[in-house]
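Coordinate analysis (summary)
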Amino acid sequence: MTPKAILKNTFGYDEFRPLQEDIINSILKKNDTLVIMPTGGGKSLCFQIPALIFEGLTIVISPLISLMKDQVQQLAEIGIPAVFLNSSLSAEDYRTNEELIRNKKVKLLYVAPETLSMEKTLTLLSVVKVDCITVDEAHCISEWGHDFRPEYRQIAEISLKFKDAVIAAFTATATPQVQDDIIKNLSLKKPKKFVGSFNRTNLYLQVILKRDPLSQTINFLEKYPKQSGIIYCFSRKQVDELYEELQHRKYSVRPYHAGLSDAQRKKHQEEFIKDDVQIIVATIAFGMGINKPNVRFVIHYDLPKNIESYYQEIGRAGRDGLRAHCLLLLGYGDISKINYFIDQKEDKERRIAKMQLDALISYAESYNCRRIPLLNYFGEKYESEKCGMCDNCEKEEENLVDVTIEAQKFLSCVIRTGEIYGAMHIVDVLRGSKSQKVINKNHHKLSTYGIGENLSKEQWLSLSRQFLQKTIIQKDYEFGSLKTTALGMEVLKGELKVKGILEVEEVKYKVQKESSLDYDKKLFALLRAKRKEIADKTGAPPYVIFPDKTLIEMATYFPKTPSLLREIHGVGEQKSKKYGQIFLTLINEYCQTNNIAGNIESKHRKRRKTTIKKAMFIQVGEAYKKSNSFDELLNRFDVKRNTLISHLTRYVSEGNKINTDILMDLIQIDEETQKNIFTVFDRLGTNYVRPVFDELNETVSYDDLRVLKICYINEQL
Ligand code: ADP
Ligand code: MG
Ligand code: ZN
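Described below are features of the structure shown in this document. (Residues numbered from 1 in each chain as written. Chains lettered and ligands numbered in written order. Predicted model: local features only at pLDDT ≥ 70, side-chain atom pairs only at ≥ 80, totals over all residues. Heavy atoms only, no water.)

Where nonpolar side chains cluster on the molecular surface, the patch consists of F234, Y340 and F341 and spans about 340 Å² of accessible area. Inspection of the secondary structure puts F341 in helix α14 (residues 332-342). (Patch = residues over 30% accessible without salt bridge, like charges linked within 9 Å, V, L, I, M, F, W, Y side chains within 5 Å. Areas by Shrake-Rupley, 256 points an atom, 1.4 Å probe, with all protein chains shown as cover. Salt bridge = Lys/Arg side-chain N within 4 Å of Asp/Glu carboxyl O. Helix = DSSP H or I, 4+ residues; strand = E, 2+ residues; numbered from the N terminus.)

This is how it looks when you write it as structure tokens:
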């Protein structure tokens, strides 16, 4: 069978994800292969499919028993013979598994490196053909990584014993040092390297200022009832406190940290994985070895210590590819807490840790698309103007106002107080506070005292963060003191204008619907209950039976026959045999009692028919072509003008030419001016409207520029 056929028949998936097919082919050709792909990218499939095609055995080296167990369970469910050998097995099961291997009855063997290097394992394996050695979580081989395992260092030597075996290494760690370490320490021969994008497009990223974290968290949780999520805290104490608060409020929650006994930790983790408990409040001790695909949110109650850990932790959300919400509470108090720990470190280590913390803070304080700093950190360029899946991308450019005067007031206050104070104190002076500190320092006598009373404390603090972003001031993260920069001096002299946001917005949580499918919630709940019932009988987590996406598709397309069921995501041959009838019965019954017409149609045909499946910008573009006025479109789509405009922009940018007459009716600009504006677009490009707006000295409104941008792009087609 071809890889593609196995994907559909055995796994029940329609398409390969990016790189998967190339990686599979590389392994099949027996090229040593290194794969770097983010968590949830779908690495396992890349060695599992070759394992089915190879004649001999594939050995999978994995650092944790829980990971091995999880994969073997999932493979068993889809009818792939796989076993593991480790200390968790009874003597009898161990012997059974050895027997299966000896008799060539299994395709995949999962082991920890220390088990593999044992004399008896090697003797056992000497009588079978080994075609592939897969090293999962390969970063464990590197001291630079976060989970260094000395035993991983033995792998290269052991692999020499298997002459026919190709080596395939997999990791989600992107740093070049770690990659080099993997290649070197595994002695990979002319490895083919595959690096996937680290952009997890299904994660919605949001950062809010930490004010009252408990009520902020509860507010958020209320938006995600019955969903699974993780809340990360800085310390064990914080975990215990938050856990008690939530428990007291009747949330389904468990704590997890290194202070709990092994048994307790294991129990809480299992409960979470099996959907018996919804929320885990945890320190960073929680995560490695968690394969739960339907984590719908991750909250950082406290600041993580660097971008890498942050990315790792949010990476545990949305592994199933459905949307998930990542919320970070940015507390300035947390920074000093982390700094305190950093200060205990040695010189060089300390400097690195500080730099890493700085990068995280500037990510959190950014007013640009969050994917820019995040992906840049991993050496990946992110070009798109708006990702549409972060808080900053939803803010409108129009909210920007001229804050040059405010900046000047702020800067001169920073200078008058000697450039040794943090934002808090500066703001106190600006707002004429009578605090002890202000009086003691004689700062109430400064000329800048009280000149900023017109704005609230919050507004000033928000401005100060914006000034930092724009590098007109800079902050010493060790002491928190603010200084002016050369750019700041230009502002003071009136040579440079500053734009910013004055309104302190009320925090809104844009609830992320996990799927764009409009599924039947009642049927979904029934399917979910059935899944849980089956899972509990077998002792497996529910997602091993079927992932959420499968149930969502069932509750959307109402498949009524075995062949229609096979079209659903995740329903392969084996699962269809095993569970098909149970779920079909449930669906048929439900449709009967609820009079859901026997829409005996294929998911694929249905998909093609429903316009909802078409991307919004295409719908808008096509409707535009047929309509007579812009108002007609506004009525039809019931969205804001700007939303329509940005859909049209995308439509045209993708190469679809339109007649711009209707658009031109929206603006009143003579031909001469238009020509002039087009030459500015020529020079500055169309990526951003802001520079064009500035270049034209604000004489043409944003709204008009947006429309003209479409016309301009359209003209180039
Ligand atoms: P990783 O090891 O890279 O973190 P996994 O191999 O655990 O990721 O895969 C994450 C999820 O994506 C799993 O639930 C897996 O079944 C699913 N998946 C992988 N490849 C595909 C695909 N081509 N189509 C649909 N789902 C996929
Ligand atoms: Mg994996
Ligand atoms: Zn964005």
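Coordination of the zinc ion (ligand 3) by the protein comes from C369 (SG), C387 (SG), C390 (SG) and C393 (SG), over a distance range of 2.3 to 2.4 Å. Considering all 4 donor atoms around the zinc ion (ligand 3), angles at the metal cover 102 to 118° and the coordination shape is tetrahedral. All donors of the zinc ion (ligand 3) come from a single chain, and their spacing in sequence reads C-x17-C-x2-C-x2-C. Judged on exposure class, the residue C387 and its partner C390 are both buried. (Donors = N, O, S within 2.8 Å, 3.2 Å for Na, K, Ca; no water. Tetrahedral: all angles 85-135°; square planar, octahedral: opposite > 155°, others 65-115°. Buried < 20%, exposed > 50% of the residue type's maximum accessible area, 1.4 Å probe, protein only.)

Taken together, 15 residues lie around ligand 1, and Y13, E15, G40, K43 and S44 are the ones closest in. A distance of 2.5 Å separates an oxygen atom of ligand 1 from a polar side-chain atom of S44. About the coverage of ligand 1: the protein hides 84% of its 570 Å² of free accessible area. In terms of residue class, the shell around ligand 1 is made up of 4 nonpolar, 7 polar and 4 charged. (Near = heavy atom within 4 Å. Polar contact = N/O pair within 3.5 Å; in protein donor to acceptor, adjacent residues only side chain to side chain. Nonpolar A, V, L, I, M, F, W, Y, C, P; charged D, E, K, R; others polar.)

On the basis of which strands lie adjacent, the open sheet formed by 7 strands has the order β3-β4-β2-β5-β6-β1-β7 and parallel pairing. In the strand order of this sheet, the two ends are held by β3 (82-85) and β7 (192-195), each with one partner. The mean angle between the axes of side-by-side strands here comes to 20°, regardless of whether they run parallel or antiparallel. In this structure, strand β2 (residues 57-61) lies alongside strand β5 (residues 130-135), joined through 5 bridges in parallel fashion. Paired with I61 across the two strands is V135, which belongs to β5. Together, β2, β3 and β4 (108-111) form the strand contacts of helix α5 (residues 91-102), whose direction differs from that of β3 by roughly 130°. (Pairing = 2+ DSSP bridges. Axes fitted to C-alpha atoms, helices over the stretch in contact; angles between N-to-C directions. Contact = heavy atoms within 4.5 Å.)

Looking now at helix α10 (residues 213-222). Residues that lie three or four places apart on an α-helix share one face, since the helix turns once every 3.6 residues. With 7 of its 10 residues buried, α10 lies for the most part within the structure. Of all the residues in α10, the buried ones are P213, L214, Q216, T217, I218, F220 and L221. Looking at the packing, one finds that the buried side of α10 touches β8 (203-209), β9 (228-232), α11 (236-248), β11 (279-282), β12 (295-300) and β13 (324-330).

If you walk through the whole model with that rule in mind, you get 35 salt bridges. A salt bridge links D14 to K8, with the nearest nitrogen and oxygen atoms 3.0 Å apart. Judged by its relative accessible area of 25%, D14 is partly exposed. For R531, the salt bridge is made with D275, and the minimal N-O distance between the two is 3.9 Å. With a gap of 256 residues between them, R531 in helix α23 (residues 521-538) and D275 in the loop between α12 (262-273) and β11 connect regions that are remote in the sequence. Residue classification places R531 among the buried positions, given a relative accessible area of 1%. If you follow the salt bridges from partner to partner, you end up with K30, E55, K129 and D131 in one network.

Right, let's talk about unusual backbone geometry for a bit. Positive phi, normally seen in glycine, also occurs at K104, with a value near 55°. With respect to the secondary-structure elements, K104 resides in the loop between α5 and β4. Phi is positive for E137, which is not a glycine, with a value near 50°. Tracing the backbone shows E137 in the loop between β5 and α8 (155-159).

Bringing the sheet that holds β12 into the picture now. With parallel pairing, 6 strands are arranged side by side in an open sheet as β8-β13-β12-β9-β11-β10. Unpaired on one side and paired on the other, β8 and β10 (253-256) mark the two borders of the sheet. Adjacent strand axes in the sheet meet at a mean angle of 15° when their direction is disregarded. Looking at chain direction, β8 and β13 are connected through 7 bridges and run parallel. In the strand pairing of β13, V207 is matched with L328.

Okay, the packing of aromatic side chains next. The way to describe two aromatic rings as a pair is by their centre distance and the angle between their planes. This model, assessed by the stated rule, comprises 23 aromatic pairs. Ring geometry for F198 against Y311: centres 5.8 Å apart, planes inclined by 40°, an arrangement best described as tilted. Remark: Y311 occurs in helix α13 (residues 307-314) and F198 occurs in the loop between β7 and β8; sequence separation between them is 113 residues. Overall, the relative accessible area of 3% leaves F198 in the buried class. Taken together, the ring pairs connect F198, Y311, Y377 and F378 into an aromatic cluster. Its end group placed over the ring of Y94, K120 keeps NZ or CZ at 4.5 Å from the ring centre. (Phe/Tyr/Trp six-rings, centres within 6.5 Å; stacked < 30°, edge-to-face > 60°. Lys NZ or Arg CZ within 6 Å of the ring centre and 35° of its normal.)

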